[in-house]
Amino acid sequence: MSIELTYLGHSGFLVSGSSHAVAIDPFLTGNPVAGRGPDAVACQAIALTHGHADHFGDTVAIAKANDATVYGAFEICEYLGEQGIEKTEPMNHGGRVDAPFGFVAMTQAIHSSSLEGRYLGMPAGIILAIDGVTIYHCGDTDLFSDMKLIGEIYRPDIAMIPIGDRFTMGPALATRAAELIRPKIAIPVHYNTWPPIEQDPAQFAPSGVEVKVMAPEQTLTHG
Ligand code: NI
Ligand code: MN
């Protein structure tokens with residue numbers, strides 16, 4: 001089976017399999033590089049790496065409009081419950097939840113997670129298995145050597161790795177991350193959304209890993 005993966009800009013993706021579409025970190029409103037608004041996202045599930053506004057984004061509106069299930073940190077799901085979102089799958093690091101399309105697992109990320117001053121649990125990476133394709137979205141994170149273990153355990157086909165620097169890894173550390181994870185394809189994310197995270201993605205050059213630089217709204221078919 002094959003999946004279609006569309007880059008929504010910044011850290012966001014829409015991953016479509018044969019029966020389900022999953023949005024990851026759907027930040028569209030206020031995103032200067034986004035090519036669509038939240039009304040143009042049709043999905044059955046949303047997976048969140050952490051609660052920062054540039055990842056949590058339009059989750060409430062998209063979840064309500066689509067009656068979608070949100071996979072995220074326990075504290076994010078508590079917050080969503082207060083917003084009237086009842087279909088949630090609260091998780092934490094190390095957890096794996098079976099889903100109608102495959103599974104969602106949560107890995108560690110070295111970062112922070114809050115929204116308007118409220119603590120929203122630990123930041124995470126997301127493992128998304130859909131139609132036999134495995135994706136590792138690293139979230140916002142520093143480099144850590146357990147990325148090698150995450151790569152060995154989940155054997156991701158595709159990894160999304162932040163390269164923007166300042167708030168996450170920059171290109172040099174992200175290159176090391178990709179060489180630890182060893183996905184078939186690495187997609188650089190979290191750069192060129194605003195001036196403080198401007199980067200040249202050509203500086204993200206892991207050996208032995210194919211890099212796909214994606215423009216917002218570009219779609220990759222895999223599998
Ligand atoms: Ni963040
Ligand atoms: Mn971020």
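Coordinates for the structure precede this section.
Given the structure is predicted, the values throughout are model-derived calculations rather than measurements.

Conventions we followed
Residues numbered from 1 in each chain as written. Chains lettered and ligands numbered in written order. Predicted model: local features only at pLDDT ≥ 70, side-chain atom pairs only at ≥ 80, totals over all residues. Heavy atoms only, no water. Helix = DSSP H or I, 4+ residues; strand = E, 2+ residues; numbered from the N terminus. Rg over C-alpha atoms; globule rule 2.2 N^0.38 Å. Buried < 20%, exposed > 50% of the residue type's maximum accessible area, 1.4 Å probe, protein only. Contact = heavy atoms within 4.5 Å. Areas by Shrake-Rupley, 256 points an atom, 1.4 Å probe, with all protein chains shown as cover. Lys, Arg positive; Asp, Glu negative; His and termini not counted. Charge placed at Lys NZ, Arg CZ, Asp CG, Glu CD. Phe/Tyr/Trp six-rings, centres within 6.5 Å; stacked < 30°, edge-to-face > 60°. Lys NZ or Arg CZ within 6 Å of the ring centre and 35° of its normal. Pairing = 2+ DSSP bridges. Axes fitted to C-alpha atoms, helices over the stretch in contact; angles between N-to-C directions. Donors = N, O, S within 2.8 Å, 3.2 Å for Na, K, Ca; no water. Core = buried A, V, L, I, M, F, W, Y, C linked by side-chain atoms within 4.5 Å.

Observations regarding the overall build of the chain
- Along the backbone of the chain there are five helices and 16 strands.
- Relative to the compact-globule value of 17 Å for 223 residues, the chain shows a C-alpha radius of gyration of 16 Å, a close match.
- Seen along its three principal axes, the alpha-carbon backbone of the chain occupies a region of about 45 × 40 × 30 Å.
- Taken across its 223 residues, the chain has 56% of its residues classed as buried.
- When contacts within the chain are restricted to residue pairs at least 6 apart in sequence, those whose partners lie at least 24 apart make up 58%.
- Accessible surface for the chain amounts to roughly 9000 Å². Of this, 49% is attributable to carbon and sulfur atoms.
- If you average the places of the 12 positive and of the 25 negative side-chain charges in the chain, the two averages end up 7 Å apart.

Observations regarding the packing of aromatic side chains
- Here the structure, examined in full by the defined rule, presents five aromatic pairs.
- Each ring, one from Phe-103 and one from Tyr-154, has its centre 6.3 Å from the other, and the planes form 40 degrees; the classification is tilted. A residue pair is termed long-range when its members are at least 10 positions apart, and Phe-103 in strand S8 (residues 102-108) and Tyr-154 in helix H4 (residues 147-154) qualify at 51 residues.
- For Phe-103, a relative accessible area of 12% translates into the label buried.
- Its guanidinium or amino end placed over the ring of Phe-103, Arg-96 lies 3.9 Å from that ring's centre, counting from NZ or CZ.

Quick look at the sheet that holds strand S14 (residues 185-189)
- Strand order across the open sheet formed by seven strands is S7-S8-S11-S12-S13-S14-S15, with mixed pairing between neighbours. Of all strands in the sheet, those bounded by a partner on one side alone are strand S7 (96-99) and strand S15 (210-211).
- Across the sheet, H4 lies against S8, strand S11 (124-130) and strand S12 (133-137), angled at about 165 degrees from S8, the strand it touches most.
- Each of S12, strand S13 (158-162) and S14 touches helix H5 (residues 171-181); the most contacted strand, S13, lies at about 155 degrees to it.

Things to note about the coordination of the manganese ion (ligand 2)
- Distances from the manganese ion (ligand 2) to its protein donors, Asp-54 (OD), His-55 (NE2), Asp-140 (OD) and His-190 (NE2), fall at 2.1 to 2.2 Å.
- Sequence spacing of the donors to the manganese ion (ligand 2): D-H-x84-D-x49-H.
- Here the nickel ion (ligand 1) and the manganese ion (ligand 2) are spaced 3.1 Å from one another, each receiving a donor from Asp-140. One end of the pair, His-55, is in helix H1 (residues 53-56); the other, Asp-140, is in the loop between S12 and H4, and 85 residues separate them in sequence.
- Residue class for His-55 comes out buried when judged on its relative accessible area of 0%.
- We classify Asp-140 as buried; its relative accessible area is 2%.

Looking at the coordination of the nickel ion (ligand 1)
- Each protein donor to the nickel ion (ligand 1) is listed here as His-50 (NE2), His-52 (ND1), His-111 (NE2) and Asp-140 (OD); together their distances run 2.2 to 2.3 Å.
- Taken in chain order, the donor set of the nickel ion (ligand 1) reads H-x1-H-x58-H-x28-D.

Points about the nonpolar core
- Grouped together as the largest cluster of nonpolar side chains are 29 residues, with contacts concentrated most on Leu-5, Leu-128 and Ile-187.
- Per-element tally for this core: the top contributor is S11, with four residues.
- Residues contacting Leu-128, with those up to four places away along its chain left out, are Val-15, Val-22, Ile-24, Phe-101, Phe-103, Val-104, Val-133, Thr-134 and Ile-135.
- One finds Ala-21, Val-41, Ala-73 and Leu-120 within the second-largest nonpolar core, a separate group that totals 22 residues.

Observations regarding the pairing of S12
- Among the five residues that make up S12, five are buried, leaving the element largely enclosed by the rest of the structure.
- Residues Val-133, Ile-135 and His-137 of S12 are buried on one face, and the alternating residues Thr-134 and Tyr-136, pointing to the opposite face, are buried as well.
- In the sheet, S11 pairs with S12 via five bridges, with the strands oriented antiparallel. Note that in S12 the partner of Ile-127 across the bridge is Tyr-136.
- The turn joining S11 and S12, which pair antiparallel and follow one another in sequence, is formed by two residues; a positive phi near 50 degrees is taken by Asp-131.

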